[in-house]
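# Chain and residue survey
So the chains spell out like this:
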Amino acid sequence: MPLVKIDDVTKVYEGKVTHRAINQLGFEVEKGEFLAIMGPSGSGKTTLLNMISTIDELTSGRIMIDGIDPHELGKDELALFRRRKLGFVFQDFNLLQMLTVEENLVLPLTLDYIPLDKMADRVMGIADRLSLKPILHKRPYEISGGEAQRTAIGRALIHKPDLILADEPTGNLDSKASREVLELLSAINREEGATIIMVTHDPIAASYCNRVLFIKDGEFFNEIYSDDRRQTFYQRILNVLSLLGGNVNDISAARLP
Amino acid sequence: MTFRQLAYRNVLRNLRSYAAFFLASVVSIMVFFVYSMFIFHPLFEEEALGSMAVQGMLIAEVVLYVFTLFFLFYSMSAFLQARSKEFGVLVHLGMTKKQLNKMIFFEMMILGSISTAAGIAFGFAFSKFFFMIGREIMELDSLPLYLSWKPFMLTIGAFASLFIIISFVSVSFIRTKRVLNLLHGYWKVDEMGKNSSILSIAGLGLLMLAYTLAALVEDETVYMMVFIIPPVATIGTYLFFTHSIHALLNLYKKNKSLFWHKSRLVSIADSAVKLKDSAQMFFIVTIVSTVAFLTVGTLASFTSYTGDYRETNPLSLVYISFEDNEQEQEHIGLLMNQLEQKGLAYDVAQLTVKRQTSEASGNEVDILQASQFNRLASTLGHENVNPAPGEGVFVPYSQDSLAALNETVTDTVLIESGIPLVIAKAYPHVLFPSRTLNANSIIVNDRDFENINMPLRGLTAELSSFDYYAFDIPDWTATLGIGDSLTDQMDEAFETGDFSRISYYFENPGEDYRWFKSSFALLLFIGVMVALVFLLAAGSFIYFKLYTDLERDRKQYALLVRLGMTEKELLRIINRQLVPQFFLPWTIALLHSCFAFISLQVVWDEFAELSILGEMAMVLAGFTIVQLLYFYLIRWRYISHLQAS
């Protein structure tokens, strides 16, 4: 059974100019899959991710996550749903400035009555896994972008969510830090079977995934699956992107890993 | 767009963030203007009460001026700091430091002239209203509105100078050398700078010391402590907000089972940052609130003095006639006439008082006749005394003396007339104001009284007795103007030091009471207005700080919603953040005031014998209610700003 099922989803922004951000889009994400969503600026990627994150409403259609339709839940249930089932990674990290790295990591657990020793265990485990140990007691403004994004990933993982949603996680990072973060995400996907949906502009980032879904003007455009070699997958992504005909500036200068 | 327009638009479009301290400065200017209207009122030029009002208001104006200067300076520099990103862009685009200063100067002048104009306009609009209050309090017949350029000039002059000073000083705080730092906004890197544990302990220690000293103040030490406690408490408060509280919070944070618990993680950490960020502000707010509490509390306790007044002055008019007073009957007739003209019911008792020397103490005593005394006592509705021959009853001069007199049995002889007396008790009520009779006064049996026929040692027979006329008027506060000619003659004699023409003593407690009451009420009124400005300003500091952090907070709450925080938990976090900001300075100020009042009570006991507890409790409760209202108002604004996105 697929973990995420997107069914004929449409999102219309009413306003002075009615704007159809997503139009009858449908796809599925299997458990343990690492999916990238690509598309030019304004293609509706972030809208789609927000709807999956349950923080934006659908105009029509249905999204099922793990057999639940979150848009039918009440406010508090929905909060609990996000708290337990989802993990988020953002482009600008969104760490809380007044908390230390350790406290940022533990934040999702504190919301959920987890006993202290268990929280401490989890933090240590994650810190070990993401090599955050030396910076656990630093504050976000004292660490580098790569470290900050690793912390954010740690925060997204610590409560073992069913689904991790990443919005341009490498958008604010240099190439070295980007590679570290992507390798980390794909390792987590591989070794722990975490399901990840990542929105990205960056074909290199997309090449770490199992599958890339392209959307254009809110509609399904194409999808391709990875093969054994990342370099060839990267080439195929570039080919689709050139077909997609988005703004050339959207595609970062080819930088082969 | 010209340069001036840029400045103008900056003010106009930042109006929402300027709102709080715009409001505070308008109110401050308004109060200042109203006081000036009082000060320059043509009616006050000769009045005695007027001069007191004018002095009180002059002091209040100076206080307001200094405080507003300080308040605006602080808000302005915080506001400029919050706008550093904007300045960064301008400097990046090539604005020179000089131009930037000029822009800020323009902005300040615009803000200053708008708020001065608004303050004066409101002040003038409400001055009729304030004159009415003033008229009621001072019990004047009329206090008409008048038009003069003086109050306008004073207010405009004062606040123009104030805004000019501020704009010059606050500009110097912007550092344009490091454009990047400006652009970067104001998340200061040293925000959580190290706490000195010595200073933390010192802060708590100094506060403890101040409190202990205040609680242990004695009559003998009180005047020394006045100079010791306030500085100790002030330094202690400063260290408490800059160090101690953070040390305490860090201790709390170390205990993970407490700290890593639901929304506490976020709310405590956030509060810690905000408390650190505005430690100086909290310090100022605390001190300002303490001063406000103390001022109003002290003034309110003065009014409670007037509440006790009747108990110590049960007689409505007192006329004492000494030797050679040819006008005695004329004066008494005059008083009765005036009372009748006013339509006041009255009763008058005449007592002959004889002066003798007591053997037991060697002091002079005043002797009253039992039958005359009983006539007065029954007029006032008190019981009679019936001393047997050879017995005496003490006349107490205050409630406290009553207890002391009841405990002693005095065996004495009136030396001059050779009359032995045993005095075992005191009359249970205070009938005579303490200044009108000797502290040692004794009621004796009529027969004994007759037998006192020898004059006081070294004096003639005439000089050793006098006539005491005690008036009882049920409507005792209505005696305004009765016997004014007598009072005037006495005042004149006091001024010139020439008592040769005065052979009487006259007192009109009702009039004195009104005078006391209205001057204290007036002071209270002045004090409450200043305190209100203080409180408003303290609240606007907080509002302003909240406003500048709004963007950051909004982002943070958006994240927390994503991470799955329920609305209830969010509200709890918001409350936990707002409550300390509002009520921590508040609580400390309350504590300060409570201890200050404990020592004040000692001072009061010494010279007025009155308890200020009730008034204090009222004042503190009143302020707490105002603060609660203010808290809910600002919380409501803050939450609606947060939800706006």
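Nothing here was measured: the structure is a model prediction, and the numbers come from that model. (Residues numbered from 1 in each chain as written. Chains lettered and ligands numbered in written order. Predicted model: local features only at pLDDT ≥ 70, side-chain atom pairs only at ≥ 80, totals over all residues.)

So, about the overall build of chain B. Secondary structure summary: chain B contains 21 helices and nine strands in total. Relative to the compact-globule value of 26 Å for 645 residues, chain B shows a C-alpha radius of gyration of 33 Å, a clear excess of over 25%. Along the three orthogonal principal directions, the C-alpha set of chain B runs to about 105 × 60 × 40 Å. Within chain B, the proportion of its 645 residues that are buried is 38%. (Helix = DSSP H or I, 4+ residues; strand = E, 2+ residues; numbered from the N terminus. Rg over C-alpha atoms; globule rule 2.2 N^0.38 Å. Buried ≥ 20, exposed ≤ 12 C-beta atoms within 10 Å, placed from the backbone.)

The interface is formed by 23 residues belonging to chain B together with 24 residues belonging to chain A. Of all elements in the fold, only helix H10 (256-259), helix H11 (264-277) and helix H19 (550-562) of chain B reach the threshold of two or more residues within the side of chain B that touches chain A. Of all the elements, H11 of chain B adds the most residues to the side of chain B that touches chain A, at six residues. Classifying every residue of the side of chain B that touches chain A gives 13 nonpolar, five polar and five charged. (Contact = placed C-beta atoms within 7 Å. Nonpolar A, V, L, I, M, F, W, Y, C, P; charged D, E, K, R; others polar.)

Before going further, it helps to examine the packing of helix H9 (residues 222-254) of chain B against H11 of chain B. Residue and element names in this part refer to chain B. With their axes 11 Å apart at the nearest point, H9 and H11 run at an angle of 165 degrees to one another. If you check the angle between H9 and H11, you find them roughly antiparallel. The two elements H9 and H11 cross, and the hand of that crossing is left-handed. Residue-level contacts link Ile245, His246, Leu249, Tyr252 and Lys253 of H9 to Ile268, Ala272, Leu275 and Lys276 of H11. A class-by-class count of the residues in the contact of H9 with H11 yields six nonpolar, one polar and two charged. (Axes fitted to C-alpha atoms, helices over the stretch in contact; angles between N-to-C directions. Parallel < 35°, antiparallel > 145°, perpendicular 65-115°, else oblique. Left-handed = near helix turned anticlockwise from the far one by under 90°.)

This part is about the sheet that holds strand E6 (residues 163-167) of chain A. Residue and element names in this part refer to chain A. Across the sheet, six strands lie side by side as E5-E6-E7-E3-E8-E9; this open sheet has mixed pairing. The outermost strands of the open sheet, each flanked by one partner alone, are strand E5 (86-89) and strand E9 (219-225). Averaged over neighbouring strand pairs, the angle between their axes works out to 20 degrees when direction is ignored. As defined by bridge partners, E6 adjoins strand E7 (residues 195-199) across five bridges and the pair is classed as parallel. Residue pairing across strands places Leu165 opposite Ile197, the latter belonging to E7. (Pairing = 2+ DSSP bridges.)

A few words on the pairing of strand E5 (residues 410-414) of chain B. Residue and element names in this part refer to chain B. With five bridges joining them, E5 and strand E6 (residues 419-426) adopt antiparallel strand pairing. Bridge assignment links Leu414 to a residue of E6, and that residue is Ile419. Between E5 and E6, which pair antiparallel one after the other, the connecting turn spans four residues, and Gly418 there sits at a positive phi close to 65 degrees.

One can read the domain layout of chain B as domain 1 (1-186) and domain 2 (314-508). The gap between the C-alpha centroids of domain 1 of chain B and domain 2 of chain B is 59 Å. (Domains from an automatic or database assignment.)

Take the packing of helix H5 (residues 97-138) of chain B against helix H6 (residues 149-171) of chain B next. Two packed helices can be described by the angle between their axes and the distance between those axes. Residue and element names in this part refer to chain B. Where H5 meets H6, the closest approach of the two axes is 9 Å, and the angle between their N-to-C directions is 155 degrees. Taken together, H5 and H6 sit at an angle that is classed as roughly antiparallel. When the axes of H5 and H6 are compared, the crossing they make is right-handed. The residues of H6 that touch H5, namely those facing Asn101, Ile104, Phe105, Met108, Met109, Gly112, Thr116 and Ile120, are Phe152, Thr155, Ile156, Phe159, Ala160, Phe163, Ile166, Ser167 and Val171.

Bringing the pairing of strand E8 (residues 465-472) of chain B into the picture now. Residue and element names in this part refer to chain B. With five bridges joining them, strand E1 (residues 317-321) and E8 adopt antiparallel strand pairing. Across the sheet, Leu317 pairs through a bridge with Phe471, a residue of E8. Across eight bridges, the pairing between strand E2 (residues 347-357) and E8 is antiparallel. If you follow Val353 over to E8, its bridge partner there is Phe466.

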